[in-house]
Amino acid sequence: MLSEEEVKNLLVETEALLEGHFILSSGLRSDKYVQCAKLLMHPDKSEKICNSLSQKIKKENLDFDIVVSPAIGGIVAGYEVARSLKVPCIFTERVNGIFTLRRGFDVRKFKRALIVEDVITTGKSSIECADAIKKLGCEISGFACIIDRSSGKSLIKHKIISEISFDIPTYEPNQIPDYLKKINPIKPGSRDI
């Protein structure tokens, strides 16, 4: 497994840690953003970090036979984790704002799923993904991500297995600190795609 320092170095090296004024997928605001796509665009680094996450998942002894990820951010992380754990991997996509399975994906022959994301902040996307899978009769065994930035405040009731945790403050849109108000906000997430 990678040390926390090694994970941070990979994030810095790939310019995945960003500073500015960000509108998160949840609508919350932050002065830091982790753009995992910048890390995951490098296959060697993706494999390295997701193999390390897979080792942490194995230590938890979860019972699952498929990995499911919410699109778009979770696709590469889910694939790499599934590849390392030697289980199938599929993803949910938003159709009219609701996560669903498309592309011929079917979970009915699987009993338990592990939800894998790139970053979890509020947990909303992971929960929506899990709900879509549960409606089709597949139980949820747990949740995993490369970066947990929820600070223990996620909507997810299961333990979150993560490669690294960051305590990055988030703000409601009407409670933005003055220094952040001076920076034009950008929305780097994929929720509205």
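Before any of the text, the structure's been laid out above.
For clarity, every value in this text was computed on a predicted model and none was experimentally measured.

A.B. asks: Mind showing me how you'd approach the sheet that holds strand S5 (residues 98–100) here?
C.D. replies: Strand order in this open sheet of six strands is S5-S4-S3-S6-S7-S8, and the pairing throughout is mixed. The outermost strands of the open sheet, each flanked by one partner alone, are S5 and strand S8 (160–165). When strand polarity is set aside, the average angle formed by the axes of neighbouring strands in this sheet is 25°. The strands that helix H5 (residues 124–134) touches are strand S3 (66–70), strand S4 (89–95), S5, strand S6 (112–120) and strand S7 (139–148); relative to S6, the one it contacts most, it runs at about 160°.

A.B. asks: Would you mind showing me how to read the packing of helix H1 (residues 4–13) against helix H3 (residues 43–59) here?
C.D. replies: When two helices pack together, you describe them by how their axes are tilted relative to each other and by the distance separating the axes. Interhelical geometry of H1 versus H3 gives an angle of 155° and a closest axis separation of 11 Å. By the criterion of interaxial angle, the relationship of H1 to H3 is roughly antiparallel. The crossing of H1 and H3 is left-handed. Taken together, the residues of H3 that come into contact with H1 (itself represented by Val-7, Leu-10 and Glu-13) are Lys-45, Lys-48 and Ile-49. Taken together, the residues of the contact of H1 with H3 break down into three nonpolar, no polar and three charged.

A.B. asks: Would you mind showing me how to read the packing of H3 against helix H4 (residues 74–85) here?
C.D. replies: Relative to each other, H3 and H4 sit at 60°, their axes nearing to 8 Å. Judged by the inter-axis angle, H3 sits oblique to H4. The handedness of the crossing between H3 and H4 comes out as right-handed. Along the contact surface, H3 presents Ser-46, Glu-47, Cys-50, Asn-51, Leu-53, Ser-54, Ile-57 and Lys-58, while H4 presents Val-76, Ala-77, Glu-80, Val-81, Arg-83, Ser-84 and Leu-85. By residue class, the composition of the contact of H3 with H4 is seven nonpolar, four polar and four charged.

A.B. asks: Help me out: how do you make sense of the pattern of salt bridges in this one?
C.D. replies: Opposite charge on two side chains lets them pair, provided their charged atoms get close. Under the counting rule described, the total for this entry stands at 16 salt bridges. Here Asp-131 ties to Lys-134 by a salt bridge, and the two come within 3.5 Å at their closest N and O atoms. In this pair, Asp-131 and Lys-134 are both assigned in helix H5, three residues apart and thus about one turn of the helix distant. Take Lys-134: its relative accessible area is 45%, and that puts it in the partly exposed class.

A.B. asks: It is not clear to me how the pairing of S4 should be interpreted in this structure. Could you clarify?
C.D. replies: Remark: a regular strand shows side chains that alternate across the two faces of the sheet. Pairing analysis gives four bridges linking S3 to S4, with the strands arranged parallel. By the bridge assignment for S4, Val-68 is matched with Ile-90. With H4 bridging S3 and the parallel S4, this β-α-β connection has right-handed handedness. Pairing of S4 with S5 involves three bridges; the strand directions are antiparallel. Among the inter-strand pairings, Val-95 is bridged to a residue of S5, identified as Ile-98. Following S4, the chain reverses through two residues before pairing antiparallel with S5; Asn-96 in that reversal takes a positive phi of roughly 55°.

The rules behind each value
- Residues numbered from 1 in each chain as written.
- Predicted model: local features only at pLDDT ≥ 70, side-chain atom pairs only at ≥ 80, totals over all residues.
- Heavy atoms only, no water.
- Pairing = 2+ DSSP bridges.
- Helix = DSSP H or I, 4+ residues; strand = E, 2+ residues; numbered from the N terminus.
- Axes fitted to C-alpha atoms, helices over the stretch in contact; angles between N-to-C directions.
- Contact = heavy atoms within 4.5 Å.
- Parallel < 35°, antiparallel > 145°, perpendicular 65-115°, else oblique.
- Left-handed = near helix turned anticlockwise from the far one by under 90°.
- Nonpolar A, V, L, I, M, F, W, Y, C, P; charged D, E, K, R; others polar.
- Salt bridge = Lys/Arg side-chain N within 4 Å of Asp/Glu carboxyl O.
- Buried < 20%, exposed > 50% of the residue type's maximum accessible area, 1.4 Å probe, protein only.
- Right-handed = clockwise from strand over helix to strand, strands pointing away.

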